[in-house]
Amino acid sequence: IFINLGVCVFEFFCGGVPYGEDLDDPFEIHETILRSRILKFPHLEDTNTKSFIEILLSKVPVNRLSGSYSNLKTHPLFEGFQWVIIIIIIKNRMT
């Protein structure tokens, strides 16, 4: 699930997908992902955002925040983020 989030966050911040932007064939995209070593971040300077995306897109599953939402929430990108308020808003909208 974190790798999917990583693709979405990358696309949001960089304006395209991290791998195979110009490819249509799923096999070619898969091969590009396997061969890629370094992500390029066009127009993105923030190191916390880059770090977050790199973690989410890690090819080693255990490196993707160890699969933990608590690890996701403690990443420096979210420093000062009020998770409790978000939870309250979501709960209120569901009732």
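A few points on the structure. The residue count restarts for each chain, going from 1 along the sequence in the order it is written. The predicted origin of the model limits local features to residues at a pLDDT of at least 70 and limits the giving and counting of side-chain atom pairs to 80 or more, whereas totals for whole chains, interfaces and linings rest on all residues. Just so you know, side-chain values use all the structure's heavy atoms and leave hydrogens and water out.

1. Overview of the layout of surface pockets
Turning to step 1, where the next piece is worked out: Taken as a whole, the largest pocket encloses approximately 150 Å³ of empty space.
Turning to step 2, where the next piece is worked out: A 1.4 Å probe that fits into a set of points on a 1 Å grid over the protein atoms alone but cannot get out defines a cavity; an open set with protein on both sides within 12 Å along at least five of seven lines defines a pocket, and lining residues are those with an atom within 4 Å of a point. Lining the largest pocket, in full, are I3, N4, V7, V17, P18, Y19, I29, I33, L57, S58, K59 and R64.
Turning to step 3, where the next piece is worked out: A total of three residues in the lining of the largest pocket trace back to one element, the largest contributor, which is helix α1 (residues 2-14).
Turning to step 4, where the next piece is worked out: In the lining of the largest pocket, the residues fall into eight nonpolar, two polar and two charged. Grid points are joined across faces, edges and corners, and a volume is the space filled by probe spheres set on the points. Counting from the N terminus, the helices are the DSSP runs of H or I reaching at least four residues and the strands are the DSSP runs of E reaching at least two. Residues are grouped as follows: Ala, Val, Leu, Ile, Met, Phe, Trp, Tyr, Cys and Pro are nonpolar; Asp, Glu, Lys and Arg are charged; all remaining types, including Gly, are polar.

2. As for the nonpolar core
Turning to step 1, where the next piece is worked out: Nonpolar cores were defined as sets of buried Ala, Val, Leu, Ile, Met, Phe, Trp, Tyr and Cys residues, with membership established by side-chain atoms within 4.5 Å. Buried residues are those whose accessible area, probed at 1.4 Å on protein chains only, stays under 20% of the maximum for their type, while exposed residues exceed 50% and partly exposed ones sit between those limits. Core analysis: the largest hydrophobic core is formed by 15 residues, its most contacted members being L39, F41, F52, I53, L65 and L72.
Turning to step 2, where the next piece is worked out: Of all the elements in the fold, those that place two or more residues in this core are α1 and α3 (47-56).
Turning to step 3, where the next piece is worked out: Counting residues per element, this core draws most heavily on α1, which supplies four residues.
Turning to step 4, where the next piece is worked out: Filtering out sequence-adjacent residues up to four positions away, L65 remains in contact with F2, F52, I55, L56, N71 and L72. Here a residue-residue contact requires only that any non-hydrogen atoms of the pair lie within 4.5 Å.

3. Regarding a negative patch on the surface
Turning to step 1, where the next piece is worked out: Every patch collects residues that have over 30% relative accessible area and no salt bridge, joining them within 9 Å if they carry like charges and within 5 Å if they are nonpolar side chains (Val, Leu, Ile, Met, Phe, Trp, Tyr). Values of accessible area rely on a 1.4 Å probe in the Shrake-Rupley scheme; residue burial ignores everything except the protein chains shown. Whenever Lys or Arg places a side-chain nitrogen within 4 Å of a carboxyl oxygen from Asp or Glu, that contact is recorded as a salt bridge. Charged residues are defined here as Lys and Arg on the positive side and Asp and Glu on the negative side; His and the ends of the chain fall outside this count. To locate a charge, take NZ of a lysine, CZ of an arginine, CG of an aspartate or CD of a glutamate. A cluster of acidic residues, E11, E21, D22, D24, D25 and E28, forms a negative patch at the surface.
Turning to step 2, where the next piece is worked out: Here E11 lies in helix α1.

4. Here we look at α1
Turning to step 1, where the next piece is worked out: To estimate how far a helix should extend, the number of its residues minus one is multiplied by 1.5 Å. Spanning 13 residues, α1 covers 18 Å between terminal C-alpha atoms, matching the ideal 18 Å at 1.5 Å per step.
Turning to step 2, where the next piece is worked out: If you follow the buried residues of α1, they end up packed against α3 and α4 (69-73).

5. Let's talk about the side chain of T32
Turning to step 1, where the next piece is worked out: Here T32 shows up in helix α2 (residues 26-35).
Turning to step 2, where the next piece is worked out: Once residues lying within four places of it in the same chain are set aside, the contact partners of T32 are Y19, G20 and L23.

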